[in-house]
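Residue-level structural notes
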Amino acid sequence: MADDPRKEVDVYPISCYYFGSKEAIVSRDETPSDRIKRMESNYAAHGLRTSVEAVLLVELLKHPHLLLLQAKNSIFNLPGGRLRPGESDIDGLTRKLSRKLSASEDGDGKEWEVGECLGMWWRHDFETLMCPYLPASVKKPKECTKLFLVRLPESRKFIVPENLKLLAVPLSQVHENPKTYGPIISGVPQLLSEYSINIVHI
């Protein structure tokens, strides 16, 4: 029998982590039409918008859970955000993780173990949803979102802006549930199917 080719990721109990809060991050309160106008303006100035997001796993009740940020009791997001012009994927993701999940935004990035890219999603034009493929007919996509596996250490502090909630959601709950979590988050369990998830008991 051939060896199992799957990769491995260690997942630690949520009780190993400390959760606190810090000053709120100022967020835009805009309508969908306002967002489209902003995207059009940014595209005209900078071209393709690239975002990077983190897949962070913890264990709760013997099951792997995905860490999600929630805003306004309705919108779920993976931790991350848009890259600055000329910024690398890893530098941008560590900056965003420090801003949203660490006490200090001035970290050197070493506290985050950014691993492999799990997948890429594309927005073909300003008014469509993100798709996990880019058709050959689309020559100028408007946005690209990259998902990276970020392996957590045995313990750490999560310090979250007070206007956001950091939630641990079972992978089984987000699986194929785009109505609640959107197409990207609901597709994460499938992206992790090639991994052996090791629950580490402390």
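What this report covers is the structure whose coordinates are included nearby. As a convention, each chain's residues are numbered from 1 in the sequence order in which they are written. Per-residue local features of the predicted model are confined to residues with pLDDT of at least 70, and side-chain atom pairs are confined, for both listing and counting, to 80 or more; whole-chain, interface and lining totals are unaffected and use all residues. Processing note: side-chain calculations cover all non-hydrogen atoms of the structure and skip hydrogens and water entirely.

1. Brief notes about the pattern of salt bridges
To keep things clear, this is the line we draw: Whenever a carboxyl oxygen of Asp or Glu lies within 4 Å of a side-chain nitrogen of Lys or Arg, that contact is scored as a salt bridge. Helical segments are the DSSP runs of H or I of at least four residues, strand segments are the runs of E of at least two, and each set is numbered from the N terminus. Summary of the burial criterion: residues with accessible area below 20% of their type's maximum are buried, those above 50% are exposed, and those between are partly exposed, where the area comes from a 1.4 Å probe applied to protein chains only.
This model, assessed by the stated rule, comprises 6 salt bridges. R156 is the salt-bridge partner of E111, the closest N and O atoms lying 3.1 Å from each other. Of this pair, E111 sits in the loop between α2 (89–101) and β8 (113–123) while R156 sits in strand β10 (residues 156–161), and the two are 45 residues apart along the sequence. Exposure remark for E111: the relative accessible area of 34% places this residue in the partly exposed category. Among the salt bridges present, the one from E143 reaches R123, with a minimum N-O distance of 2.8 Å.

2. Let's talk about the nonpolar core
We count it as follows: Put simply, buried Ala, Val, Leu, Ile, Met, Phe, Trp, Tyr and Cys residues joined by side-chain atoms within 4.5 Å make one nonpolar core. For this analysis, residues touch if any pair of their heavy atoms sits within 4.5 Å.
In terms of nonpolar packing, the biggest core is built from 22 residues, with V55, L66, L68 and L192 touching the most fellow members. Of all elements in the fold, only β1 (7–11), β5 (63–71), β8, β9 (143–151), α3 (171–174) and α4 (178–186) reach the threshold of two or more residues within this core. Beyond its immediate chain neighbours, meaning those up to four positions away, L192 contacts V55, L57, L118, L149 and L171.

3. Describing the sheet that holds strand β7 (residues 80–82)
Operational definition: Strands are labelled as partners when DSSP assigns at least two bridges between them. Here an axis means a line fitted to C-alpha atoms, over the contact stretch when the element is a helix, while the angle between two N-to-C directions is reported on a 0 to 180 degree scale.
Strand order in the open sheet formed by 4 strands is β7-β3-β9-β8, with mixed pairing between adjacent strands. Each end of this open sheet is capped by a strand with a single partner; those strands are β7 and β8. Between one strand axis and the next, the sheet turns by 15° as a mean value, whatever way the strands run. Across 3 bridges, strand β3 (residues 49–55) lies against β7 in antiparallel orientation. Pairing of V52 across the sheet is with G81, part of β7.

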